[in-house]
Amino acid sequence: MACVVAGQHLRTPVVFTLETLVVAACYYAGGRLGLLRDLTVGGAVVSPIWPPTGVAVACLLIRGLRCWAGIALGALLVLMHLTTLRPSSLGVLAGNTAAPVCGYLLLRGVGFRTDLTRLRDCLALVFLAAFGAMLISSSVGVGLLVATGDLPGEGFWGVWLAWWVGDAMGVLLVTPLLLVLRGLRAPVRWSRWKEAAGLTLITGGLVPLATHSPASVLFSVYPLLIWAALRFQLAGSMMCALYASVLATLAATDRAGPFEALSEVEIMINLQAFNGAMALTALLLSAVIAEQRNTRRSIERACQELVEVLEHLTAGESAAGRLPREEGGRRREADDG
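Just so it is clear, the model here is predicted, and its values are computed rather than measured.

## Looking at the overall build of the chain
Part 1: When helices and strands are tallied, the chain shows 10 helices and 2 strands.
Part 2: From first element to last, N terminus to C terminus, the chain shows the α and β order α-β-β-α-α-α-α-α-α-α-α-α.
Part 3: Here the contacts in the chain between residues at least 6 apart in sequence split such that 74% fall between residues at least 24 apart.
Part 4: Accessible surface computed for the chain: about 17900 Å², of which carbon and sulfur atoms make up 67%.

Structural data, given as structure tokens:
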């Protein structure tokens, strides 16, 4: 027993260290992806979608609060990649770590379920983890930029809004996808594979045209998103939403298609409105469909149980009716004898 306990104590720090390194690597990889495309707002460079926030919230929901160390390490690596470390960098690091941790604690406080099959869970993810908790990172980060003189005071609100929305988009687009991919199972029916392949081909061809066409036809993506939500629920709708948002971000940073003749502020507003609408539609529509399907299954199970109870009662009444007739028959045979 002593050997087993000693082995468990020895294994715990090793597991924690490996888990911290994996979370940090995923956070850093998400940061490098987010830095591939950026926009300039108010003299500061911001990312329209910041994937590390989504990675951080997903890791916390899957592995628990102990992932905070990996998030802090990943945020430190991203800061070291962006700039030389200064005393103000510690504040940015604290804000980027505290925001997903607070989001996780808020979600845990309302009984959040990671399967995202309830509308209340999706609403909690949107308003608590994305819009609410990400106020911390944006406020701390932009506030330090202004306090250190790296950003003029008049540019505070524009940069703050872009920072906040970018962090929130990371949670809305990346966290649900990571959560649903964790428990995703491949469709078993051949017809489902064919439909998935058809949806993938149509989405792969239509979305680049919609996001790079000067005719402003971004709305044509929504039927694909609805199709994906109806047939493949959250997994299909979030993949479609993320793909469309990434291509729209590429078009915005290249000033192509519907973003060609817009100013920097107009590009940011239109892009984030499109990304937010895509994420909210995918999340909420999938949740409503999942709730309806779960309700229908519950009703079907209740009906099946009711049928079994009625059959059991009917069988009991039949057996109870046969018993007196059999006893009466035996008495008549005894009297005749």
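## Side note on the nonpolar core
Part 1: Within the largest apolar cluster, 81 residues are counted, with the highest numbers of intra-cluster contacts made by Leu107, Phe112 and Leu283.
Part 2: Of all the elements, helix α7 (residues 156-182) adds the most residues to this core, at 15 residues.
Part 3: Excluding anything up to four places from it in sequence, Leu107 contacts Val57, Leu61, Phe112, Ala124, Leu125, Leu128 and Ala129.

## Details of a nonpolar patch on the surface
Part 1: Taken together, the side chains of Leu306, Val309, Leu310 and Leu313 define a hydrophobic patch exposed on the protein surface, amounting to about 370 Å² of accessible area.
Part 2: Along the polypeptide, Leu306 turns up in helix α10 (residues 264-336).

## Some details on the packing of aromatic side chains
Part 1: Within this structure, the stated rule accounts for 6 aromatic pairs.
Part 2: Ring geometry for Trp157 versus Trp160: centroids 5.7 Å apart, planes at 80°, classification edge-to-face. Of the two residues, Trp157 and Trp160 are both situated in helix α7; the distance of 3 residues between them amounts to about one turn of the helix.
Part 3: Residue classification places Trp157 among the exposed residues on the basis of a relative accessible area of 61%.
Part 4: Each ring, one from Trp160 and one from Trp164, has its centre 5.7 Å from the other, and the planes form 15°; the classification is stacked. In this pair, Trp160 and Trp164 are both assigned in helix α7, 4 residues apart and thus about one turn of the helix distant. An identical accessibility class is assigned to Trp160 and Trp164; each is buried.
Part 5: Put simply, the rings of Phe127, Phe131, Phe156, Trp157, Trp160 and Trp164 touch in pairs and so form one group of aromatic residues.

## Things to note about the packing of α7 against helix α9 (residues 222-253)
Part 1: Close contact between α7 and α9 brings their axes to 9 Å; oriented N to C, the two are set at 145°. In terms of crossing hand, the pair formed by α7 and α9 is left-handed. Side by side, α7 and α9 meet where Leu172, Leu173, Pro176, Leu177, Val180 and Leu181 of the first sit next to Leu234, Ala235, Met238, Met239, Ala241, Leu242 and Ser245 of the second.
Part 2: When grouped by side-chain class, the residues that make up the contact of α7 with α9 number 12 nonpolar, 1 polar and no charged.

## Observations concerning the pattern of salt bridges
Part 1: What the rule picks out here adds up to 5 salt bridges.
Part 2: Put simply, Arg231 and Glu195 hold a salt bridge, and the shortest N to O gap is 2.8 Å. Here the residue Arg231 occupies a position in helix α9, and Glu195 occupies one in helix α8 (residues 190-212), the gap between them amounting to 36 residues.
Part 3: Of the residues examined, Glu195 reaches a relative accessible area of 18% and is grouped as buried.
Part 4: Each of Glu19, Arg63 and Arg66 takes part in a single network of salt bridges with overlapping partners.

## What to know about the state of the cysteines
Simply put, disulfide is the name for a covalent bond between the sulfur atoms of two cysteines.
Part 1: Evaluated as defined, the whole model comprises 0 disulfides.
Part 2: Just so you know, Cys67 is unpaired, no disulfide at all, and the nearest cysteine sulfur is the one on Cys59, 5.5 Å from it.

## A look at the packing of helix α6 (residues 134-147) against α7
Part 1: Where α6 contacts α7, the two axes come as close as 9 Å, and the packing angle between them is 145°. Judged by the twist between their axes, the crossing of α6 over α7 is right-handed. Between α6 and α7, the contacting residues are Met134, Leu135, Ser137, Ser138, Ser139, Gly141, Val142, Gly143, Leu145 and Val146 on the first element and Phe156, Val159, Trp160, Trp163, Trp164, Asp167, Ala168 and Val171 on the second.
Part 2: Partitioned by chemical class, the residues of the contact of α6 with α7 number 12 nonpolar, 5 polar and 1 charged.

## Examining α7
Each α-helix turn comprises 3.6 residues. Residues three or four places apart therefore point the same way.
Part 1: An ideal rise of 1.5 Å per residue puts 39 Å on 27 residues; α7 measures up with 38 Å between its terminal C-alpha atoms.
Part 2: The largest bend in α7 comes to about 25°, at Val174, with the proline Pro176 one to four residues further on.
Part 3: The buried count for α7 comes to 20 of 27 residues, which makes it a mostly enclosed element.

## Comments concerning the environment of Leu144
Part 1: Counting through the fold element by element, Leu144 comes out in helix α6.
Part 2: Assessed through its relative accessible area of 24%, Leu144 is described here as partly exposed.
Part 3: Here the alpha-carbon distance between Leu144 and Ser88, two residues 56 residues apart in the chain, equals 6.5 Å.
Part 4: Beyond its immediate chain neighbours, meaning those up to four positions away, Leu144 contacts Ser88, Gly91 and Val92.

About the cut-offs
- Residues numbered from 1 in each chain as written.
- Predicted model: local features only at pLDDT ≥ 70, side-chain atom pairs only at ≥ 80, totals over all residues.
- Heavy atoms only, no water.
- Helix = DSSP H or I, 4+ residues; strand = E, 2+ residues; numbered from the N terminus.
- Contact = heavy atoms within 4.5 Å.
- Areas by Shrake-Rupley, 256 points an atom, 1.4 Å probe, with all protein chains shown as cover.
- Core = buried A, V, L, I, M, F, W, Y, C linked by side-chain atoms within 4.5 Å.
- Buried < 20%, exposed > 50% of the residue type's maximum accessible area, 1.4 Å probe, protein only.
- Patch = residues over 30% accessible without salt bridge, like charges linked within 9 Å, V, L, I, M, F, W, Y side chains within 5 Å.
- Salt bridge = Lys/Arg side-chain N within 4 Å of Asp/Glu carboxyl O.
- Phe/Tyr/Trp six-rings, centres within 6.5 Å; stacked < 30°, edge-to-face > 60°.
- Axes fitted to C-alpha atoms, helices over the stretch in contact; angles between N-to-C directions.
- Left-handed = near helix turned anticlockwise from the far one by under 90°.
- Nonpolar A, V, L, I, M, F, W, Y, C, P; charged D, E, K, R; others polar.
- Disulfide = S-S within 2.5 Å.
- Expected span 1.5 Å × (residues − 1).
- Bend = angle between axes of the 7 residues up to and from the residue.

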